[in-house]
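Letter by letter, the chains look like this.
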Amino acid sequence: MPPFPGTGPAPVSLARALSKLGYCSRTEAERLILDGRVRVDGRPARNPSLRLDMGRARIAVDGEAIAAEQRVYLMLNKPRGMMTTRHDPEGRETVYACLEGLDLPFLSPVGRLDKASEGLLLMSNDTRWAQTILDPASGVEKTYHVQIDTVPDEAMLARLRAGATDGEERLTTRAATLLRHGRRNAWVEMVIDEGRNRQIRRIVEAAGAKVQRLVRVGIGALPLGDLPKGAVRSLRPEEIGLPLGNL
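What comes next concerns the included structure.

Thresholds applied
The numbering scheme is per chain: residues are counted from 1 as the chain's sequence reads. In keeping with the predicted nature of the model, local features appear solely for residues at pLDDT of at least 70, side-chain atom pairs appear and are counted solely at 80 or more, and the whole-chain, interface and lining totals rest on all residues. The side-chain quantities take in all heavy atoms of the structure and omit both hydrogens and water. Note on aromatic contacts: the rings of Phe and Tyr and the six-membered ring of Trp form a pair at centre separations within 6.5 Å, being stacked when their planes are under 30 degrees apart, edge-to-face when over 60 apart, and tilted otherwise. By the criteria applied, helices consist of DSSP H or I runs no shorter than four residues and strands consist of E runs no shorter than two, each listed in order from the N terminus. With a 1.4 Å probe rolled over the protein chains alone, any residue whose accessible area is under 20% of its type maximum counts as buried; one over 50% counts as exposed, and the rest are partly exposed. In this scheme, Lys NZ or Arg CZ marks a charge over a ring once it lies within 6 Å of the ring centre and within 35 degrees of the ring normal. What qualifies as a polar contact is a pair of N or O atoms within 3.5 Å, subject to a donor-acceptor requirement within protein and to the restriction that residues adjacent in sequence count only when both atoms come from side chains. Contacts between residues were defined by any pair of non-hydrogen atoms, one from each residue, lying within 4.5 Å. Should DSSP find at least two bridges between two strands, the strands are taken to pair.

1. A closer look at the packing of aromatic side chains
In step 1: Taken as a whole, this structure holds one aromatic pair when the rule is applied.
In step 2: With a centroid separation of 4.8 Å and an interplanar angle of 80 degrees, the aromatic rings of Y73 and W129 are classed as edge-to-face. Of this pair, Y73 sits in strand β7 (residues 73-78) while W129 sits in helix α3 (residues 127-134), placing them 56 residues apart in sequence. Across the pair, exposure class does not vary: Y73 and W129 are buried alike.
In step 3: Taking NZ or CZ as reference, R86 lies 4.6 Å from the ring centre of Y96, over its face.

Written out as structure tokens, the structure reads:
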């Protein structure tokens, strides 16, 4: 049996190797290993932290050799009310319900949208691609359309653009632009290049308003477009670099 194609000289843990190969999540890999269902180079392996070289090690689960899955890159228009997680301890519906019936390897969300948020969510089994998008050093911009419970004047828009300080945490925005408004509320486009917990909601609250809807419409140069709510589609080859701004 040939060895796996290498992903670099640095050794990784057995649990992480199974995740990087697209077989399952790291948590599920730890469970498989502790249950004695995994072998490395023909020997039982019960330590999830076992370090190995993915370019040489031969891994099997339940006697079946594990090969690297074909890389899959999806976009999902996440509906409001779904959890961005594989399993929810409270039994709430997760984004994986949108993948039911599709013949796919294990995919992980690239970042998160909270339960009340909606819009563009990327999913992939390419962990290196995902980590590059999530790395703050990459500066990948995320664009949101935000409905707030007031019509902002220029002073409020200036506060949104200035970001906020919450305790010792600095929350920043790249842009905040009024899109349209009615009598009592408005839609504002906000752009951030970080992924802090509830970042936009906290900035809006600090500016004196509340978020009514929060829709992510773009990641880097990749737009959500007209993908229907709850639908998924594969990224086209020329789109895979767009989250990083590669046109």
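2. Structural notes on the side chain of D193
In step 1: On the secondary structure map, D193 appears in the loop between β14 (186-192) and α5 (199-206).
In step 2: Within the structure, the side chain of D193 is placed 3.1 Å from the side chain of R174, a separation counted as a polar contact.
In step 3: Setting aside chain neighbours within four positions, we find D193 in contact with G139, V140, E141, T172 and R174.

3. Focus on the sheet that holds strand β2 (residues 38-40)
In step 1: With respect to topology, four strands assemble into an open sheet ordered β3-β2-β5-β6, the strand pairing being antiparallel. Since the sheet does not close on itself, it has two edges, and those belong to β3 (43-44) and β6 (64-65), each with one partner.
In step 2: Two elements, strand β5 (residues 59-61) and β6, share two bridges in a ladder whose sense is antiparallel. From the neighbouring strand, A60 faces β6, where its bridge partner is A65.

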